[in-house]
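Coordinate inspection notes
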Amino acid sequence: MKRALITGITGQDGRHMSEFLTGKGYQVFGLVRGQANPKAKLVLDENPALELVEGDLRDLSSLIAAVEQVQPDEVYNLGAMSFVALSFRQPELTADITGLGVLRMLEAIRIVGGTEHNPVRFYQASSSEMFGKVRETPQHEGTAFHPRSPYGVAKVFGHHMTINYRESYNLHASSGICFNHEGPRRGLEFVTRKITNGIARIKLGLQDSITLGNLDAARDWGFAGDFVEAMWSMLQQDEPDDFVIATGETHTVKELLDVAFQCAGYDDWERFVRQDPRFERPADVELLMGDASKANAKLGWKPKVAFDELVSMMYESDLIEETKKAELER
Ligand code: GDP
């Protein structure tokens, strides 16, 4: 039975990865910060086969202890401070968790596993935010980085560290440069979920508008459930490498609003949307669109869920969840 250690187990990707690997017959361990993590119960209810291990990406000795205890075949580093807007307000914390956290995890693997023929395989969750102010469209593995936020800068550090450990210590370390990936488990602070949840609440008469920032930003939005398959597949290759994971389609926030409001039967989204500079960023990424042809050729990966289906899946799930909550409160 293969053993996998996942950081960021309570996040969207960690939860998808935990289910996916358990389905593949892995014994799955998730790293959590301390005993009182309120989301620990949720992830255990979702996947009773999961085992939790204590550790923090800010603390090297806790990572060494976790790797020693789990003896993993594969480590998926999905943990990060992942919200771009917050990274501007807490840049140092972001650098520590999202950037240095990668280095600490790599060090823990190097120290526990030894440097010669280290059998532990490592996956780093790199990000399309590294492309930032994009140099070309679509973006591919060779596109130069120009990060536009403390989050993006921290991810560039983690990305290069992963390559550095591959080259220096012969570690099987791969990076997935993942474009935005969403789903019903996305945090409410991200624009997709903020919109689908807001519309569900409008539909139920629980709120009357949604307040947003930059509506012209364009993103390549895919389904998180598809993306974890690509991550796993990278670690099954003989050689470690870097791969762009994306749908190849881009949509603006306005297009997202259009599609999402239509799911609820409204064709006039402008009526429900307010704008507030509070939700704008000091610098934004205007357009992302990924070219995943390398992942397609080498991993045989392609996304299964289309943009409209993704938005509709998220809206339907929010409608069910908000209806349940409203009934409980009544
Ligand atoms: P990101 O691509 O990782 O930053 O994912 P987000 O979902 O947080 O943001 C995607 C885009 O939507 C960015 O360009 C934001 O500026 C834009 N956006 C516009 N209004 C909002 C909002 O109210 N919240 C968030 N999170 N993003 C917004």
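Residues numbered from 1 in each chain as written. Predicted model: local features only at pLDDT ≥ 70, side-chain atom pairs only at ≥ 80, totals over all residues. Heavy atoms only, no water.

1. Let's talk about the overall build of the protein
To keep it simple, the criterion reads: The helix and strand labels rest on DSSP assignments: H or I over at least four residues marks a helix, E over at least two residues marks a strand, and numbering proceeds from the N terminus. The size measure is the radius of gyration over C-alpha atoms, and the globule rule it meets is 2.2 Å times the number of residues to the 0.38 power. Exposure classes here rest on a 1.4 Å probe applied to the protein chains alone. A residue is buried below 20% of its type maximum, exposed above 50%, and partly exposed in between. For this analysis, residues touch if any pair of their heavy atoms sits within 4.5 Å. Surface accessibility follows the Shrake-Rupley procedure with a 1.4 Å probe radius. Residue values consider only the protein chains on display as shielding. Charge counting treats Lys and Arg as positive and Asp and Glu as negative, with His and both chain ends excluded. The location of each charge is read from NZ of Lys, CZ of Arg, CG of Asp or CD of Glu.
Scanning the protein for helices and strands turns up eleven helices and 13 strands. Over its C-alpha atoms the protein spans a radius of gyration of 20 Å, differing by no more than 12% from the 20 Å that the globule rule assigns to 330 residues. With the principal axes as the frame, the protein shows a C-alpha extent of 60 × 50 × 40 Å. The buried share of the protein, taken over its 330 residues, is 52%. Considering only contacts within the protein whose residues lie at least 6 apart along the sequence, 77% involve residues at least 24 apart. Approximately 14500 Å² of the protein is accessible, and the part contributed by carbon and sulfur atoms is 49%. On the protein, the mean spot of the 36 positive side-chain charges and the mean spot of the 49 negative ones are 2 Å from each other.

2. As for the pattern of salt bridges
Spelled out, the test is: A pair is scored as a salt bridge if a Lys or Arg side-chain nitrogen falls within 4 Å of a carboxyl oxygen belonging to Asp or Glu.
Following the criterion strictly, the structure yields 22 salt bridges and no others. In this structure, Arg166 and Asp242 form a salt bridge, with 2.7 Å as the shortest nitrogen-oxygen distance. In this pair, Arg166 is assigned in helix H6 (residues 150–169) and Asp242 in strand E11 (residues 242–245), connecting sequence segments 76 residues apart. Each member of the pair, Arg166 as well as Asp242, is classed as buried. For Lys304, the salt bridge is made with Glu229, and the minimal N-O distance between the two is 3.1 Å. In this pair, Lys304 is assigned in the loop between helix H10 (293–299) and helix H11 (307–329) and Glu229 in helix H8 (residues 224–235), connecting sequence segments 75 residues apart. Among the residues examined, Lys304 registers a relative accessible area of 56% and is labelled exposed. You can call Glu229 partly exposed: its relative accessible area is 27%.

3. Here we look at the pairing of strand E6 (residues 172–178)
Heads up, the rule is: DSSP bridges decide pairing: two strands pair if at least two such bridges lie between them. The handedness rule is simple: strands pointing away from the viewer, and a clockwise path from the first strand over the helix to the second, make the crossover right-handed.
Across the seven residues that make up E6, a large majority, seven, are buried. Burial along E6 is two-sided: the face carrying His172, Ser174, Gly176 and Cys178 and the face carrying Ala173, Ser175 and Ile177 are both buried. Across seven bridges, the pairing between strand E5 (residues 121–127) and E6 is parallel. Looking at the pairing, Gln124 lines up with Ser175 of E6. In terms of handedness, the path from E5 via H6 over to E6 forms a crossover that is right-handed. One ladder, built from four bridges, connects E6 with E11; its direction is parallel. Residue pairing across strands places Gly176 opposite Phe243, the latter belonging to E11.

4. A few points about the environment of Leu21
Assignment of secondary structure puts Leu21 in helix H1 (residues 12–23). For Leu21, a relative accessible area of 0% gives the class buried. With 46 residues separating them along the chain, Leu21 and Val67 place their C-alpha atoms 18 Å apart. Once residues within four sequence positions are removed from consideration, Leu21 is found in contact with Ala4, Ile6, Tyr26, Val28, Tyr76 and Trp232.

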